Amino acid sequence: MKEFKTTHWVFFAKLKRYSGSMGTKSIILKSSISGLFITLLLFTFSRNDNTASTYESIALLNSRCPPGFKLNADNACIAQNLYLQYNSPNNKGVGGLQTGLPETRDGFSPQEIDLGRYLFFDPVLSGDGTISCASCHNPRKGFSDGKSTSIGANNHKLKRSAPSLWNVAYLKRLFWDGRASTLEEQMQGPLFSQEEMNNTPENLLKTINSIKTYQHMFAEAFPEKEGGSPIQLAEIYTAITAFQASLISLNSKYDRYAHGYHRALNEKEIEGMNVFRSFVARCAECHTPPLFTNQQFAVIGTPEPDNLALDAGAEIPFKDKTLRGAFKVPSLRNIEKTAPYMHSGYFKTLRETVAFYTKGRGHAVPENEHLILHWHIWDPQLSDYELDRLVDFLKTLTDETFIPKVPETLPSGLKPSV
């Protein structure tokens, strides 16, 4: 490089002496030649620098945590909310306003969460490329689908409604019958069910690994991967779990009231809350704040639509006859957005749903069934006014502040299905 510089500067000196011997009429020529030389010199150095440089690929995934999470030094998103300042529910009574939440699933990287967001909305995960996770869990419908029972592959009508995914990170049992205990286990049900997304593990891996953009995204989300190694099923499950665990809804009108801002609720909503927490209605004993579920199973004897046979519920996976007709107590968070209600979508409105509990213990149980109804199910004889106030209160549990953005485009090239 030193020899190169010397040669060029000698050339420039000779050029200067030559041009200086010319008259004043050569000024334009001198300027042109000097400009040409400087351009050549810059190009040469630039070319040499470029050949010696390495380029980093542009990041495809978000490096920031979603709202409600804080990034720590290990590139992990840790949940942050005001309920962390309260004690856990253990031995603290039922229905208290300032009660801690159960343990949550967090600690995923921002890249894992963002990759899961793309996968969640991408119909390429289904066997025929027409159904995504969001087809049954639409963020605009409370992460449910607005149907009595969901629709699967080839327009197959499923047996149960799609439960909401808000705050699913706190749940210990999944599906209406509680047959899965982790999000990774749960998602394999719809992915590989012939009635739902109708895919196979082999076809899913083949499809995902054939998409260059997903190859780069997975390498970014899982930097410990060896370069060029194929995408694994466990990585797909982790990414989708990371996204689902980021769906947090804890900033409703009720929450602001619970944290001490008592003007957050109006008079009728407070009346409804008092009915909800009363020993007469007993709503809070199963739908325990702040998650608004005790995460247990309950046999309540709801009717089946169209005179269908009784859904055995949790009896099947747990092989326990005492759980015949039992279903997981759902969270009531964003319940206003997830109509219709119950495991079968039997009730179209919240008003119909709360009225069910006033019509007598076991009034909808088929005559040939002998179910062990939950002891909280009785005949509270609530008035119409009290039922209306209950509905008012349930609507205060709506909070979509942290609703995620649907991707505008997907790595597969397919349109996001919601």
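Preceding this section is the structure that the text describes.
A. Main features of the pattern of salt bridges. For the structure shown, the criterion picks out 15 salt bridges. Between D384 and R351 there is a salt bridge, and its shortest N-O distance comes to 3.4 Å. Here D384, found in helix 14 (residues 384-395), pairs with R351, found in helix 13 (residues 350-356); they are 33 residues apart in sequence, far enough to count as distant. Among the residues examined, D384 registers a relative accessible area of 54% and is labelled exposed. What makes R351 partly exposed here is its relative accessible area of 27%. Across the pair D388 and R351 runs a salt bridge, and its minimum N-O distance is 2.7 Å. In this pair, D388 is assigned in helix 14 and R351 in helix 13, connecting sequence segments 37 residues apart. Overlapping salt bridges, with partners in common, bring together R160, D177, R179 and D311 in one network.

B. Broad picture of the nonpolar core. Ranked by size, the top nonpolar core spans 81 residues in total, and within it L115, L119, L125, I208 and Y214 carry the most contacts. The greatest single-element share of this core, amounting to 7 residues, is contributed by helix 8 (residues 233-244). Ignoring sequence-local partners within four residues, the contact set of I208 consists of L119, V124, L125, Y214, F218, I231 and I236.

C. Spotlight on the side chain of K225. Looking at where K225 falls in the secondary structure, it is placed in the loop between helix 7 (212-221) and helix 8. Its relative accessible area of 17% is what places K225 among the buried residues. In terms of polar contacts, K225 uses its side chain to reach the side chain of S229, at 3.4 Å. Residues contacting K225, with those up to four places away along its chain left out, are F218, A219, P230, I231 and E235.

The rules behind the values
Residues numbered from 1 in each chain as written. Predicted model: local features only at pLDDT ≥ 70, side-chain atom pairs only at ≥ 80, totals over all residues. Heavy atoms only, no water. Salt bridge = Lys/Arg side-chain N within 4 Å of Asp/Glu carboxyl O. Helix = DSSP H or I, 4+ residues; strand = E, 2+ residues; numbered from the N terminus. Buried < 20%, exposed > 50% of the residue type's maximum accessible area, 1.4 Å probe, protein only. Core = buried A, V, L, I, M, F, W, Y, C linked by side-chain atoms within 4.5 Å. Contact = heavy atoms within 4.5 Å. Polar contact = N/O pair within 3.5 Å; in protein donor to acceptor, adjacent residues only side chain to side chain.

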